[in-house]
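Take a look at the letters that make up each chain.
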Amino acid sequence: MVPTGSSDNVFAYAPAPESRAIVDLQPSYGLFIDGAFVDGNGTPFKSINPATEETLAEVAEADERDVETAVKAARRAHTRVWSRMPGSERAKYLYRIARIIQERARELAVLESLDNGKPFRETRDIDVPVVAAHFFYYAGWADKLHYAGLGTSPRPLGVAAQVIPWNFPLLMLAWKVAPALAAGNTVVLKPAETTPLTALLFAEICQQADLPAGVVNIITGAGATGEALVGHPGVDKVAFTGSTAVGKAIARTVAGTDKRVTLELGGKAANIVFDDAPVDQAVEGIVDGIFFNQGHVCCAGSRLLVQESVADEVLAKLKRRVETLRVGDPLDKNTDVGAINSAEQLARIHELSASGEAEGAERWSPACDLPSTGFWFAPTIFTNVSLAHRIAREEIFGPVLSVLTFRTPSEAVEKANNTPYGLSAGVWTDKGSRILSMANQLKAGVVWANTFNKFDPTSPFGGFKESGYGREGGRHGLAAYLAADEQDGER
Amino acid sequence: MARIDVRKTYKLYIGGAFPRSESGHSYEVTDAGGKFVANASLASRKDARDAVVAARKAFGGWSGRTAYNRAQIVYRIAEVMEDRRPQFVTAVRQAEGLTAARAERVVDAAIDRLVWYAGWADKLTQVVGNANPVAGPYFNLSTPEPTGVVAVLAPQESSLLGLVSVVAPVIVTGNTAVVVSSYERPLPAVNFAEVLATSDVPGGVVNILTGAAPTIGPWLASHMDVNAIDLAGVAGDAALATDLEVAAADNLKRVRRAPAAEPDWNAEPPLTAMTDFVEIKTVWHPIGV
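An account of the accompanying structure is given in this report. (Residues numbered from 1 in each chain as written. Chains lettered and ligands numbered in written order. Predicted model: local features only at pLDDT ≥ 70, side-chain atom pairs only at ≥ 80, totals over all residues. Heavy atoms only, no water.)

## Some thoughts on the overall build of chain B
Phase 1 of the analysis: A tally of helices and strands in chain B yields 10 helices and 10 strands.
Phase 2 of the analysis: By the compact-globule yardstick of 19 Å for 289 residues, chain B fits well, its C-alpha radius of gyration being 19 Å.
Phase 3 of the analysis: Once the C-alpha set of chain B is aligned to its principal axes, its extents read approximately 85 × 40 × 35 Å.
Phase 4 of the analysis: When the 289 residues of chain B are sorted by exposure, 54% land in the buried category.
Phase 5 of the analysis: If you take every contact in chain B between residues at least 6 apart in sequence, the share linking residues at least 24 apart comes to 78%. (Helix = DSSP H or I, 4+ residues; strand = E, 2+ residues; numbered from the N terminus. Rg over C-alpha atoms; globule rule 2.2 N^0.38 Å. Buried < 20%, exposed > 50% of the residue type's maximum accessible area, 1.4 Å probe, protein only. Contact = heavy atoms within 4.5 Å.)

## Side note on the overall build of chain A
Phase 1 of the analysis: From N to C terminus, chain A includes 15 helices and 19 strands.
Phase 2 of the analysis: In summary, chain A has a C-alpha radius of gyration of 22 Å against a globular reference of 23 Å for 491 residues, a match within 12%.
Phase 3 of the analysis: Each of the three principal axes of chain A carries a C-alpha extent, and together these read 65 × 55 × 40 Å.
Phase 4 of the analysis: Here chain A holds 491 residues, and 62% of them are scored as buried.
Phase 5 of the analysis: In chain A, the share of contacts with a sequence separation of at least 24, taken over all contacts with a separation of at least 6, comes to 76%.
Phase 6 of the analysis: Accessible surface, chain A: about 17,200 Å² in total, of which carbon and sulfur atoms supply 51%.
Phase 7 of the analysis: Looking at chain A, you have 48 positive and 59 negative side-chain charges, and the mean spots of the two groups are 5 Å apart. (Areas by Shrake-Rupley, 256 points an atom, 1.4 Å probe, with all protein chains shown as cover. Lys, Arg positive; Asp, Glu negative; His and termini not counted. Charge placed at Lys NZ, Arg CZ, Asp CG, Glu CD.)

## A word on the packing of aromatic side chains
Phase 1 of the analysis: Under the counting rule described, the total for this entry stands at 18 aromatic pairs over all chains.
Phase 2 of the analysis: Seen in terms of ring centroids, Trp 166 of chain A and Phe 397 of chain A are 5.4 Å apart; in terms of plane orientation they differ by 85 degrees. Their pairing is edge-to-face. Of the two residues, Trp 166 of chain A sits in the loop between β7 (159–163) and α5 (169–182) while Phe 397 of chain A sits in the loop between α12 (390–393) and β16 (400–406), which places them 231 residues apart along the sequence.
Phase 3 of the analysis: Residues Tyr 138 of chain B and Trp 284 of chain B carry aromatic rings whose centres are separated by 5.6 Å and whose planes lie at 75 degrees to one another, so their mutual orientation is edge-to-face. Here Tyr 138 of chain B, found in strand β4 (residues 138–146), pairs with Trp 284 of chain B, found in strand β10 (residues 278–286); they are 146 residues apart in sequence, far enough to count as distant. With respect to class, Tyr 138 of chain B is no different from Trp 284 of chain B; both count as buried.
Phase 4 of the analysis: When the ring centre of Tyr 13 of chain A is taken as origin, the NZ or CZ atom of Arg 326 of chain A, which lies over that ring, is 3.5 Å away.
Phase 5 of the analysis: One residue, Arg 56 of chain B, lies across the ring of Phe 59 of chain B, its end atom 5.9 Å from the ring centre. (Phe/Tyr/Trp six-rings, centres within 6.5 Å; stacked < 30°, edge-to-face > 60°. Lys NZ or Arg CZ within 6 Å of the ring centre and 35° of its normal.)

## Regarding the pairing of strand β2 (residues 36–41) of chain B
Phase 1 of the analysis: When strand β1 (residues 26–30) of chain B meets β2 of chain B, the two strands line up antiparallel, connected through 5 bridges. Residue pairing for β2 of chain B: Thr 30 of chain B is matched across the bridge by Phe 36 of chain B. (Pairing = 2+ DSSP bridges.)

## Side note on the packing of helix α3 (residues 85–96) of chain B against helix α7 (residues 187–196) of chain B
How two helices pack is summed up by the angle between their axes together with the distance between the axes.
All names here are of chain B.
Phase 1 of the analysis: Here α3 crosses α7 at 160 degrees, and the two axes come no closer than 9 Å. In terms of orientation, α3 and α7 fall into the roughly antiparallel class. Seen from α3, the contacting residues are Gln 87, Phe 88, Ala 91, Val 92 and Ala 95; seen from α7, they are Pro 188, Asn 191, Phe 192, Glu 194 and Val 195.
Phase 2 of the analysis: Across the contact of α3 with α7, the residue classes tally to 7 nonpolar, 2 polar and 1 charged. (Axes fitted to C-alpha atoms, helices over the stretch in contact; angles between N-to-C directions. Parallel < 35°, antiparallel > 145°, perpendicular 65-115°, else oblique. Nonpolar A, V, L, I, M, F, W, Y, C, P; charged D, E, K, R; others polar.)

## Notes on the interface of chain A and chain B
Phase 1 of the analysis: Facing the 47 residues of chain A at the interface are 45 residues of chain B.
Phase 2 of the analysis: Both faces combined, the contact of chain A with chain B buries some 3,400 Å², and carbon together with sulfur accounts for 52% of it.
Phase 3 of the analysis: Linking chain A with chain B are 2 salt bridges.
Phase 4 of the analysis: The salt bridge involving Asp 250 of chain B is made with Arg 252 of chain A; its shortest N-O contact spans 3.0 Å. (Buried area = accessible area lost by both parts, 1.4 Å probe. Salt bridge = Lys/Arg side-chain N within 4 Å of Asp/Glu carboxyl O.)

## Overview of the pairing of strand β13 (residues 303–307) of chain A
Residue and element names in this part refer to chain A.
Phase 1 of the analysis: Within β13, 5 of the 5 residues are buried, which leaves the element mostly enclosed by the surrounding structure.
Phase 2 of the analysis: Here β13 shows a buried face lined by Arg 303, Leu 305 and Gln 307 and a second buried face lined by Leu 304 and Val 306.
Phase 3 of the analysis: Regarding topology, helix α9 (residues 279–291) serves as the crossover connection from strand β12 (residues 270–273) to the parallel β13, and that connection is right-handed.
Phase 4 of the analysis: Two elements, β13 and β16, share 5 bridges in a ladder whose sense is parallel. The partner of Leu 304 across the bridge, within β16, is Val 403. (Right-handed = clockwise from strand over helix to strand, strands pointing away.)

## A look at the sheet that holds β10 of chain B
Phase 1 of the analysis: Reading across the sheet, the 10 strands line up as β14(A)-β15(A)-β16(A)-β13(A)-β12(A)-β17(A)-β18(A)-β10(B)-β4(B)-β3(B) and stay open at both edges, with mixed pairing between neighbours. What marks the edges here is a single partner per strand, and that holds for β14 (362–364) of chain A together with β3 (130–131) of chain B.
Phase 2 of the analysis: On top of the sheet, helix α10 (residues 311–322) of chain A reaches β12, β13, β14, β15 (380–383) and β16 of chain A; it is set at about 165 degrees to β15 of chain A, its chief contact.

## Thoughts on the nonpolar core
Phase 1 of the analysis: Within the largest apolar cluster, 118 residues are counted, with the highest numbers of intra-cluster contacts made by Ile 101, Phe 135, Leu 173, Phe 202, Val 216, Ile 218 and Leu 318 of chain A.
Phase 2 of the analysis: Here this core gets 11 residues from one element, more than from any other, and that element is α5 of chain A.
Phase 3 of the analysis: In contact with Ile 101 of chain A, not counting residues within four places along its chain, are Leu 108, Val 128, Val 131, Ala 132, Phe 135, Phe 202 and Ile 205 of chain A.
Phase 4 of the analysis: Grouped together as the second largest cluster of nonpolar side chains are 59 residues, Ile 73, Leu 98, Val 164 and Val 195 of chain B included. (Core = buried A, V, L, I, M, F, W, Y, C linked by side-chain atoms within 4.5 Å.)

## Comments concerning the layout of surface pockets
One water molecule sets the probe size; rolling that probe over the atoms shows where empty space is left.
Phase 1 of the analysis: Taken as a whole, the second largest pocket encloses approximately 1,300 Å³ of empty space.
Phase 2 of the analysis: Together, 46 residues line the second largest pocket, and Asn 440 and Lys 443 of chain A together with Phe 59, Glu 145 and Pro 146 of chain B are the ones closest to its centre.
Phase 3 of the analysis: Mapped onto the lining of the second largest pocket, the elements with two or more residues apiece are α13 (409–417) and α14 (432–441) of chain A together with α1 (45–64), α2 (67–83), α5 (124–128), β4 and β10 of chain B.
Phase 4 of the analysis: Here the element with the most residues in the lining of the second largest pocket is β4 of chain B; it accounts for 6 residues.
Phase 5 of the analysis: Each residue belonging to the lining of the second largest pocket can be placed in one class, and the counts come to 19 nonpolar, 14 polar and 13 charged. (1 Å grid on protein atoms, 1.4 Å probe; cavity = no way out; pocket = protein on both sides within 12 Å on 5 of 7 lines; lining within 4 Å. Points joined across faces, edges and corners; volume = space filled by probe spheres on them.)

## Quick notes on the environment of Met 1 of chain B
Phase 1 of the analysis: Following the sequence through the fold, Met 1 of chain B ends up in the segment before β1.
Phase 2 of the analysis: Taking C-alpha positions, Met 1 of chain B is 51 Å from Ala 258 of chain B, a pair spaced 257 residues apart along the chain.

## Notes on the sheet that holds strand β6 (residues 176–180) of chain B
Residue and element names in this part refer to chain B.
Phase 1 of the analysis: Within the open sheet, the 5 strands sit side by side as β7-β6-β5-β8-β9. Their pairing is parallel. The open sheet terminates on both sides in strands that have one partner only, identified here as β7 (206–209) and β9 (254–256). Direction aside, the axes of adjacent strands within the sheet are offset by 15 degrees on average.
Phase 2 of the analysis: Bridging between β6 and β7 involves 4 bridges; their strand directions are parallel.

## With respect to unusual backbone geometry
With the exception of glycine, the majority of residues adopt a negative phi angle, and the majority of peptide bonds are in the trans configuration.
Residue and element names in this part refer to chain A.
Phase 1 of the analysis: Phi is positive for Asp 34, close to 55 degrees, though the residue is something other than glycine.
Phase 2 of the analysis: Relative to the helices and strands, Asp 34 resides in the loop between β2 (31–33) and β3 (36–38).
Phase 3 of the analysis: Phi at Lys 465 is positive, roughly 45 degrees, even though this residue is not glycine.
Phase 4 of the analysis: Positionally, Lys 465 belongs in the loop between β18 (446–449) and α15 (474–479).
Phase 5 of the analysis: Its relative accessible area of 23% is what places Lys 465 among the partly exposed residues.

## A short note on a nonpolar patch on the surface
All names here are of chain B.
Phase 1 of the analysis: A cluster of nonpolar side chains, Phe 139, Leu 141 and Ile 287, forms an exposed patch at the surface whose accessible area comes to about 270 Å².
Phase 2 of the analysis: Within the element layout of this structure, Phe 139 appears in strand β4.
Phase 3 of the analysis: Among the residues examined, Phe 139 registers a relative accessible area of 43% and is labelled partly exposed. (Patch = residues over 30% accessible without salt bridge, like charges linked within 9 Å, V, L, I, M, F, W, Y side chains within 5 Å.)

## Looking at α2 of chain B
Residues and elements named next belong to chain B.
Phase 1 of the analysis: Taking 1.5 Å of rise per residue, 17 residues should cover 24 Å, and α2 covers 24 Å from first to last C-alpha, within 8% of that figure.
Phase 2 of the analysis: All of the buried residues in α2 are Arg 70, Ala 71, Ile 73, Val 74, Ile 77, Ala 78, Val 80 and Met 81.
Phase 3 of the analysis: For α2, the secondary structure elements touched by its buried residues are α1, α3, α4 (100–120), α6 (161–172) and α7. (Expected span 1.5 Å × (residues − 1).)

Structure below.
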């Protein structure tokens, strides 16, 4: 870590914490069903700040009866209001929501940082602005659906069941809710049990926007609630972002039904650095690829494949850069790496990292003071990793980078594709023809060339192979919520 | 004395060759009236696995061809079929019990379907791809790519038009296919395999197994090196279709679900016949000097 330095060092570190006063948390939250907050029938649970382990609020748990009520409310809103409303009017609601998100951006960013543990700098500069951008982008689609490539009168699917993860709570909500609403669907969304609070604030924003009751319903709970929701027969569309294991379970649940499904699941992306890459930019990209959001990113560049001839140089520069990362208080605007989201996730990162050492990889972390309360994990780099190691195969979902080397482009492709996942990949080289050749051969839904971890509402995102199916973002993300004007499923 | 017929042995089509089933099993094929026509190979689990290996081996080369070249080859299939039109008319009449006139219309529709799909090879990317105007200095392009090896359970009733309608969209987009033919009407599929073998289609791009979808289907649905499955051949059997979809979840295969009843294959196919078997890949690159 950066030494604190003496007091006469004008560049010495000084904390710059963002005030949390802007967030007005209630002690407890109900479920948001049919336009109002109601009590849940399940056992309420607490959402904590992973940086301090303090309780932020108590949240209701939705059981099967609550799921039933929510799906019914969404169905009613779909048939009576939302699907009948002209697209141009739906658009105005979405624009309104986008504007309110911008107006309340600071509040959302602070709350996201508190509930998730991610650095405020990221929630302020990335999460929340991209959330607003998603609503703006899809708002504009609502009255242009006949240009989406699905014929002259594409239809909404109906009620969408949406289950989202804890790594980008509000951003994943936006990825799900904005296209669904633009296309004329209504939604029942379940945020992750460790990060429900920004979704509940979003429910307040829906009220503030006077969005018709039942168009957006937000029910909180854990796995059982999600299971009840995706399995509910009144649901026409399931959209899930999360682990591959749960994604497979959902695929089994919906088998034999007419439900349409999109799954955004795990990843084990290769970030490939060639010997002619601009090394300093590549190092920034590697750091951004794996340490952004504590590595809690399904498309994280968790496997660095570096060409043997430059491996020493790249690693030396990488370690020097990682030593400057500041780990700590998420609300401190200096912080690069925040808290791990939960004790459970921290245990998983510890377990997989231990397996890396046990299987013979070399572990390195910068000297790093971690706070005494909360969940923390120092940025970690494993070298001498082989493809067979668990840390090269399993998704760690933490700030842990596995480094492998290669000699030829074809070996890089072989190693990069040697995984059941296929969400993203990175390529670093100055040679244009090589970028395009690698991009063609990599089995990944998103390929970042000389950049990494870039997201945009207009850009489709989603995986090959066991990273799931369907796309979110762009025109393709819209199409995932529409049926062509012919009978859906027709051959 | 009447001349003794030279009867044909109907075999499987795997990796560009015509092997018998490794199991040694065959089954009796009758015409629509129930009269014995021939013995067909009864494909086994091992045959299905061999076919997957052949399809995987062929995938790199086939998906790497230019779209123009794939279009040429799919059009060539149509040409060769047209040349052998009387044979297909006979086979369809025999299998489906149609009048000569109706069988001719079916064969014409199958050939025309191939011509239609041939034209898609170099257009799908333009129709479903996108340049995306991201809010930053980046070039950003989304294009479709083939999913990989696709298991195709071909329709049971429409032995030729249905077959062509499920195979063509899979291969024209750059995938390779392991096809299970109609069980009771397999011979048009064997004739089709013989056309494929003489139409510049590389060996392994299409593999055709004659046999029963309920017995081979589960092995293909659960095979970890199959990327997608079309369940057209179990239309109407909701229980089996559900089982296959559940098995397909093991490696998250893309599933084209079974319709409630076999559709009218004469209708122009929807785009999803192709897009269900492609992946959208998005490539980013910074713009700068």
